[in-house]
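Report on the structure
Residues per chain are reported as follows:
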Amino acid sequence: MEITQNPLGNRFRGYLPVIVDIETAGFNSKKNPLLEIAAVIVEPDAEGWLHITEKHHSNIIPFKNSELDEAALKFTGIDPFHPFRMAIEEKDALNKLFIPIKAAVKRNDCKRAILVGHNPAFDINFLNAAIERTNHKRSPFHPFSSFDTATLGGLVYGQTVLAKIAQAAGLAWDNERAHSALYDAEQTAELFCLIINRWKKLSELEAS
């Protein structure tokens, strides 16, 4: 695959930022299952401005003998066994996610992907637990480093809650769609691009 016109290999120390959001049936990454996972790939255009280029999402079947926390299910509104979820096995969901991410890493001349999330410790812990559980040997993600939009939002907009940062940044926010993995990942990606592009603009103004 050809290298993109403005590869990110030199922008983030060789890492491709990939925005990830995970919905689960609890807070214990070893016992509670993943129910949804979404990843949004961002890449620069011809002028170097960062934009969303790909979105990927899967609903996931709870792994065998996993524990479902009723409070977590009530919060997310997810019925893990609803037939219309079209859920797939955890390992298949990871494979479906990792293939396009690896392609994006390659075309951006990067060495690995780095998870971008809102308070990403939660997401990276669950992702790593799923990788270990499925014996996946070739994850494209750095195993522990991440970018946190809660920290970036606090720095730039004085807010740390995703909905409040989005509103402060002038982005639309739909409470009815919140806590869906794909919607939260999309909103987080929009915010991440906005902050990175704002920094680029400020840097160019300082240099002029």
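To be clear, the structure that these remarks concern was listed above.
Residues numbered from 1 in each chain as written. Predicted model: local features only at pLDDT ≥ 70, side-chain atom pairs only at ≥ 80, totals over all residues. Heavy atoms only, no water.

For the rest of this paragraph, the subject is the sheet that holds strand β1 (residues 15-24). Strand pairing within a sheet occurs via backbone hydrogen bonds; the two strands may be parallel or antiparallel. Spatial ordering of the open sheet is given by β3-β2-β1-β4-β5, a layout of five strands whose pairing is mixed. Each edge of the open sheet carries a strand with a single partner, namely β3 (50-59) and β5 (141-148). Within this sheet the neighbouring strands show an average axis-to-axis angle of 30 degrees, counted without direction. Sheet analysis places β1 next to strand β4 (residues 112-117), joined by five bridges and oriented parallel. Bridge pairing in β4 places Leu-16 opposite Ala-113. Helix α2 (residues 90-107) rests against β1, β2 (34-44), β3, β4 and β5 of the sheet, and its axis sits at about 10 degrees to β2. Set on the sheet, helix α4 (residues 149-157) makes contact with β4 and β5; between it and β5 the angle comes to about 20 degrees. (Pairing = 2+ DSSP bridges. Helix = DSSP H or I, 4+ residues; strand = E, 2+ residues; numbered from the N terminus. Axes fitted to C-alpha atoms, helices over the stretch in contact; angles between N-to-C directions. Contact = heavy atoms within 4.5 Å.)

On to the layout of surface pockets, then. By volume, the largest pocket amounts to about 570 Å³. Taken together, 23 residues form the lining of the largest pocket, with Asp-21, Glu-23, Phe-75, His-179 and Asp-184 sitting closest to its centre. Looking at the lining of the largest pocket, the elements with two or more residues in it are β1, α1 (70-76), α3 (121-133) and α5 (162-168). The biggest single contributor to the lining of the largest pocket is β1, with four residues. (1 Å grid on protein atoms, 1.4 Å probe; cavity = no way out; pocket = protein on both sides within 12 Å on 5 of 7 lines; lining within 4 Å. Points joined across faces, edges and corners; volume = space filled by probe spheres on them.)

Turning our eyes to something else, we now look at a nonpolar patch on the surface. The grouping of Trp-199, Leu-202 and Leu-205 at the surface amounts to a nonpolar patch, some 350 Å² of accessible area in total. Given the relative accessible area of 53%, Leu-205 is considered exposed. (Patch = residues over 30% accessible without salt bridge, like charges linked within 9 Å, V, L, I, M, F, W, Y side chains within 5 Å. Areas by Shrake-Rupley, 256 points an atom, 1.4 Å probe, with all protein chains shown as cover. Salt bridge = Lys/Arg side-chain N within 4 Å of Asp/Glu carboxyl O. Buried < 20%, exposed > 50% of the residue type's maximum accessible area, 1.4 Å probe, protein only.)

Attention now moves to the pattern of salt bridges. In the structure shown here, the tally under the stated rule is six salt bridges. The closest approach of N and O atoms between Arg-133 and Glu-90, which form a salt bridge, is 2.6 Å. Of this pair, Arg-133 sits in helix α3 while Glu-90 sits in helix α2, placing them 43 residues apart in sequence. On the accessibility criterion, Glu-90 (6% relative accessible area) is buried. In this structure, the salt-bridge partner of Glu-204 is Lys-200, at a minimum N-O distance of 2.5 Å. Taken together, the residues Glu-204 and Lys-200, both in helix α6 (residues 181-207) and four residues apart, mark about one turn of the helix. Because the salt bridges share partners, they merge into one network encompassing Glu-43, Glu-54 and Arg-107.

Here we come to the packing of aromatic side chains. With the rule as written, the count across this model stands at seven aromatic pairs. Residues Phe-122 and Phe-126 carry aromatic rings whose centres are separated by 4.8 Å and whose planes lie at 40 degrees to one another, so their mutual orientation is tilted. Residue Phe-122 and its partner Phe-126 are located together in helix α3, separated by four residues, close to a single helical turn. Residue placement shows Arg-133 over the ring face of Phe-63; its charged tip is 3.9 Å from the ring centre. Here the basic side chain of Lys-200 rests over the ring of Trp-49, its NZ or CZ set 3.9 Å away from the ring centre. (Phe/Tyr/Trp six-rings, centres within 6.5 Å; stacked < 30°, edge-to-face > 60°. Lys NZ or Arg CZ within 6 Å of the ring centre and 35° of its normal.)

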